[in-house]
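These are the residues of each chain, in order.
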Amino acid sequence: MIWQQNGTPPHYGLVVREYLDNTFLRWIGRRGTIEWPPRSPDLTPFRLALAHPIHRTHLPLEYLNADEHYSITIRKSLLAIQEADRLNITNTKHRLWFAYVFTNHHFLFYIHTSMCLYALETMANEEQKQQFLPLAQSFRIITTYAQTELGHGTDLRRLETEAVFDCTTDSFVLNTPTLTSTKFWPGALGRSANYILLMAQLYTPNRDHSCGLQMFLVQIRDLNTHEPLPGVEIGEISTRFAHAAGDNGYLRLNNLRIPRTQMLMKLAQVDEQGNFHHRGDTRLLYSAMIHMRIHLCYTFSVSLAQAITIAVRYSAVRFQGQNSHGNEIQILNYPLQQDKLVPCLSTVYAFLIAFMKLDTYYNKLKTNDTLFLDQLPELHTLSSGLKAYTSSVGEQLAQVCRVACGGHGFLIASGIVEIKNYLDAVCSAEGDNIVLFQQTARYLLKVMQQVEEHNGKQNGSSVAYLHLPSWSSTTLINLEDYCRLFESRSQLLIKEVCIHMLKSSSSPYDTFMKNSIQLVHIAKAHMETFLTRAFYEQVRKAAQHSSISIVLEQLFYVFVIHTLRNESADFIRLKLLSADQIYEYESRFLPDMYTRLRPNLVALVDAFDFHDHELNSCLGRYDGQVYEALMERARLNPSNRYKVHPIWLLMKQEALSKL
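Residues numbered from 1 in each chain as written. Predicted model: local features only at pLDDT ≥ 70, side-chain atom pairs only at ≥ 80, totals over all residues. Heavy atoms only, no water.

Enquirer: Is there a simple way to think about the overall build of the protein in this case?
Expert: What the protein contains, in helices and strands, is 21 helices and 13 strands. Scaling as 2.2 N^0.38, a compact globule of 659 residues should have a C-alpha radius of gyration of about 26 Å, and the protein matches this with 27 Å. Taken along the three principal axes of its C-alpha coordinates, the protein extends 90 × 85 × 65 Å. Each of the 659 residues in the protein was classed as buried or not, and the buried ones make up 55%. In the structure as shown, the protein presents an accessible area of about 30000 Å², 53% of it carried by carbon and sulfur atoms. Of the charged side chains in the protein, 62 are positive and 62 negative, and the gap between their average positions amounts to 3 Å. (Helix = DSSP H or I, 4+ residues; strand = E, 2+ residues; numbered from the N terminus. Rg over C-alpha atoms; globule rule 2.2 N^0.38 Å. Buried < 20%, exposed > 50% of the residue type's maximum accessible area, 1.4 Å probe, protein only. Areas by Shrake-Rupley, 256 points an atom, 1.4 Å probe, with all protein chains shown as cover. Lys, Arg positive; Asp, Glu negative; His and termini not counted. Charge placed at Lys NZ, Arg CZ, Asp CG, Glu CD.)

Next comes the structure, spelled out in structure tokens:
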């Protein structure tokens, strides 16, 4: 292969991948063609997913119309469940990844498996779990999460969908009473789900008494015919361009009745007389949302990893221009191309490491309600901030990868376009990024006030640096110095905004609005601090692995200096670094890191171990046969079934008839 002829140690990717697999990545079967049904019992389930004959029954997805796309996607989604059962894949995370691989990342029951099942397990009481969990786990009922409305999304208090208790029938009457109360956007709602987890305003014992938002398990389709139930209007909203997003739909309810026992009642209960009772701390409702946001941070990171894998591999295959000897040049050898791609690669590693740290933190807390509630403010802050940061930066860097592939990168067949569209969409999904950054900033201001009042010491947490003196060195000598530099920048920015807001004579609302731009900025600074510290900790852990510790350290330097370059105004204004120092780092040190990393760039993306089927990219093929793949894909275009398109035949006939 081209890249192994240009200085890359042939087994370097294997060494890195083995280390990463033990920390935060997953292992899937290596590339190759296998038979179906398989003869060998030792093939990994993921290779079996890739070998299923259904993958040879359709054209590439970009050549299918909306109905064809949905038909093959739903068939693959159902087959993925059956195959996971047949192969006895019981681990929840492994099952979900198997389904992702099987469906080319178009698993229509993603929300059901990753969010709704978790919500049922944590929000339903024991009787409800016994009744509904087996049905949900066996996919007899397929759920989606119906929260966002046409007129309201992030502001949950303004949701308008109503659930009014009727004592005479021991049931709730559900309505979307206004146009803006229409449930809009839930994935799998349009044509797939037969149940929903509905967020609605509860009124009991009658319409005059509001009890706030509650979650209800609601059947919306007949389980035998799949027809919408009476009182349910349902449809799909996705366009042809965006149908890959996942069967997004709308829902209107007109006097739909459900039994009282289908309000999830672990934390709150309505009895037969319509009396409302709290049974637990309602803050535990955040658990499902935090779980989802942390999981999304991983999917965003993997999506960006796929984009950079495609771009780096293509850059190793593509030749353009010539050197002084008249030889063509690999575009990966151009410093300008490296300046696009190496920061992207280092950011992927930073994202995955930060996800691993946050996921470990969450898993330690989720089994202990007391500990979870105690740490909830910081956990909510980190999950909100990291979701917002990874998706917004991921979307920008996916575009960089697209541009780095030139005109071919704009083809759907490149694989990058769909990744970019996905990362673009998720900047608004599961919480608008700007709103999430503002939520992160609120917590930071609160902690800073406690610091100023000498209360609430946060040793060991992500905000522990707020209690430390600012970094006062004038030179960056080691990795710890970079961490302290970013922590001091964040600390000074937060303190500056906090003092400014406390001095304001305006109302709290007006003060918040006037400073909202700065609040988003300090939230981003805090997340960059979190990413830097997490990356540094991982480099330290890797010190015993001499074969990779150096390259991880090089990636760390690229990440922090690239981020420093982008935010140089802060470091200069706060007198943490001079303009000359920053210029030195970005013009001398950063290109030097590119040169050192160049022999290992392809190995570092190979370490993610994506199968060609997963990437679905002509440009990112493992064997480097890019141009052959592009021509093969082009010839499959249904438009090429005509040597002469019928419209030309018709026009020619019309022209001849006039002679």
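Enquirer: Honestly, empty space enclosed by the protein in this entry has me stumped. Any pointers?
Expert: Gaps left between atoms show up when a probe the size of a water molecule is rolled over them. Counting across every chain of the model gives three cavities of 30 Å³ or more. In this structure, the largest cavity occupies an estimated 70 Å³ of space. Lining the largest cavity are Met123, Gln214, Met215, Leu264, Lys266, Leu267, Ala268 and Leu285. Considered class by class, the residues forming the lining of the largest cavity number six nonpolar, one polar and one charged. (1 Å grid on protein atoms, 1.4 Å probe; cavity = no way out; pocket = protein on both sides within 12 Å on 5 of 7 lines; lining within 4 Å. Points joined across faces, edges and corners; volume = space filled by probe spheres on them. Nonpolar A, V, L, I, M, F, W, Y, C, P; charged D, E, K, R; others polar.)

Enquirer: How should I be thinking about the packing of helix H3 (residues 66–86) against helix H4 (residues 92–102) in this particular structure?
Expert: The packing of two helices is summarised by the inter-axis angle and the distance between the axes. H4 packs onto H3 with a crossing angle of 135° between their chain directions and a minimal axis gap of 9 Å. Here H3 is positioned oblique relative to H4, judged by the angle of their axes. Seen along the crossing, H3 lies across H4 with a hand that is right-handed. Across the interface between the two elements, Lys76, Leu79, Ala80, Ile81, Glu83, Ala84 and Asp85 from H3 touch Arg95, Phe98, Ala99 and Phe102 from H4. A class-by-class count of the residues in the contact of H3 with H4 yields seven nonpolar, no polar and four charged. (Axes fitted to C-alpha atoms, helices over the stretch in contact; angles between N-to-C directions. Parallel < 35°, antiparallel > 145°, perpendicular 65-115°, else oblique. Left-handed = near helix turned anticlockwise from the far one by under 90°. Contact = heavy atoms within 4.5 Å.)

Enquirer: Which parts of the structure should I look at to understand the nonpolar core?
Expert: A general trend in soluble globular proteins is that nonpolar side chains are found buried together. Of all hydrophobic cores here, the largest spans 178 residues; its most connected members are Ile308, Phe556 and Phe608. Counting residues per element, this core draws most heavily on helix H7 (residues 286–317), which supplies 19 residues. In terms of nonpolar packing, the next biggest core, distinct from the first, is built from 24 residues, Ala200, Leu202, Leu256 and Ala268 among them. (Core = buried A, V, L, I, M, F, W, Y, C linked by side-chain atoms within 4.5 Å.)

Enquirer: Explain the environment of Arg293 to me, please; I cannot follow it from the model alone.
Expert: Within the fold, Arg293 resides in helix H7. Arg293 sits in the buried class, given a relative accessible area of 6%. Distance in space between the C-alpha atoms of Arg293 and Ser384 is 7.0 Å, their sequence separation being 91 residues.

Enquirer: Please explain the domain arrangement of the protein as it appears in this structure.
Expert: Many structure descriptions define interface size as the accessible area lost when the parts assemble. Split into domains, the protein comes out as domain 1 (47–107), domain 2 (142–280) and domain 3 (288–607). Placing the centre of domain 1 and that of domain 2 at their C-alpha centroids yields a distance of 29 Å. With 10 residues of domain 1 at the interface, the matching set in domain 2 holds six residues. Buried area between domain 1 and domain 2, both sides added, is near 590 Å², and the carbon and sulfur share of it is 51%. Taken together, the connections running from domain 1 to domain 2 amount to zero salt bridges. Residues of the side of domain 1 that touches domain 2, tallied by class, amount to five nonpolar, three polar and two charged. (Domains from an automatic or database assignment. Buried area = accessible area lost by both parts, 1.4 Å probe. Salt bridge = Lys/Arg side-chain N within 4 Å of Asp/Glu carboxyl O.)

Enquirer: How should unusual backbone geometry be read in this particular structure?
Expert: A cis amide bond links Thr204 to the next residue, Pro205, at an omega of 5°. Mapped onto the elements of the fold, Pro205 is located in the loop between strand S5 (195–203) and strand S6 (210–219). The backbone phi angle of Asn88 is positive, close to 60°, even though this residue is not glycine. Checked against the element boundaries, Asn88 lands in the loop between H3 and H4.

Enquirer: Before we go on, may I ask you to explain the sheet that holds strand S7 (residues 232–236) in this structure?
Expert: Strand pairs in the sheet, formed through backbone hydrogen bonds, run parallel or antiparallel to each other. Reading across the sheet, the three strands line up as S4-S8-S7 and stay open at both edges, with antiparallel pairing between neighbours. Of all the strands in the sheet, just strand S4 (183–184) and S7 have a single pairing partner and so form its edges. (Pairing = 2+ DSSP bridges.)

Enquirer: What should I look at first to understand the UniProt feature "domain: Acyl-CoA oxidase C-alpha1" (unreviewed entry) in the protein in this one?
Expert: Per the UniProt record, "domain: Acyl-CoA oxidase C-alpha1" (unreviewed entry) is found at residues 286–445. For residues 286–445, the end-to-end C-alpha separation is 21 Å, with 76% helix and 4% strand making up the annotated structure. (UniProt positions renumbered as here; feature names shortened; annotations may be inferred.)

Enquirer: Explanation requested: the packing of helix H11 (residues 433–452) against helix H14 (residues 516–541) in the structure shown.
Expert: Axis separation between H11 and H14 bottoms out at 8 Å; the angle between their running directions is 80°. When the axes of H11 and H14 are compared, the pair comes out roughly perpendicular. Contacts from Ile434, Phe437, Gln438, Thr440, Ala441, Leu444 and Leu445 in H11 reach Ser516, Leu519, Val520, Ile522, Ala523, Lys524 and His526 in H14. For the contact of H11 with H14, a count of residues per class yields nine nonpolar, four polar and one charged.

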